[in-house]
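# Report on the structure
So you can see what is in the structure, the chains are spelled out below.
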Amino acid sequence: YGFDEVIERCLRFEELGADIIYAENLQIVEEYQQLRDRLDSRTVTMIAQVQESINVDNDGGTSVGKKPLLTLQEIAELGYDLALFGVTPLQCVVGALDATAKQFLGSRSSSDDDDDDCQCDPATGIITDPIAMADFSDVKGVVGFDELERFESDFPCN
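In short, a report on the structure. (Residues numbered from 1 in each chain as written. Predicted model: local features only at pLDDT ≥ 70, side-chain atom pairs only at ≥ 80, totals over all residues. Heavy atoms only, no water.)

A complete count under the given rule lists two aromatic pairs for this structure. Residues Tyr-32 and Tyr-80 carry aromatic rings whose centres are separated by 6.1 Å and whose planes lie at 85° to one another, so their mutual orientation is edge-to-face. Remark: Tyr-80 occurs in the loop between helix 3 (72–77) and strand 4 (82–83) and Tyr-32 occurs in helix 2 (residues 29–38); sequence separation between them is 48 residues. Here the two residues Tyr-32 and Tyr-80 agree in accessibility, since each one is buried. (Phe/Tyr/Trp six-rings, centres within 6.5 Å; stacked < 30°, edge-to-face > 60°. Helix = DSSP H or I, 4+ residues; strand = E, 2+ residues; numbered from the N terminus. Buried < 20%, exposed > 50% of the residue type's maximum accessible area, 1.4 Å probe, protein only.)

And the structure:
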């Protein structure tokens, strides 16, 4: 299915009265703009799949660049009402886990050689960057320790 079919499908959903219209994983900003331009200006629209991702060339081979992560301002300027950053936080977590694991292991792979942001001791190759870590109280809040502690105080095991 091509971009023209995507537009036709979205127009059809608009005709049927869908609450929100979005097309998943459009590849370039111009496609988002073309879709927005074809829909009624009163139709609520959402940009989805705006996370940064590797693009693949037409032969399905090696990556040739990245799709940009649009800012909320850029999304609004395109005329969209909502944005879904679904996988972006997970990408950040996985990147942080990978960087931390490399630092704990004290080495870099050859694929890291193009990473200019990574500081290494030239003599040993050991990564010297400080590890970016959240405060443990923040981690406890994110994973729900506060709720567990409240539950345990409300329902003690005695």
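There's more to say after this.
For the rest of this paragraph, the subject is the nonpolar core. If you look at the biggest cluster of nonpolar residues, it comprises 16 residues, and the most contacted ones within it are Cys-10, Leu-26, Leu-35, Ile-47 and Tyr-80. Listing elements by their share of this core, those giving two or more residues are helix 1 (3–15) and helix 2. Looking at this core element by element, the count peaks at five residues for helix 1. (Core = buried A, V, L, I, M, F, W, Y, C linked by side-chain atoms within 4.5 Å.)

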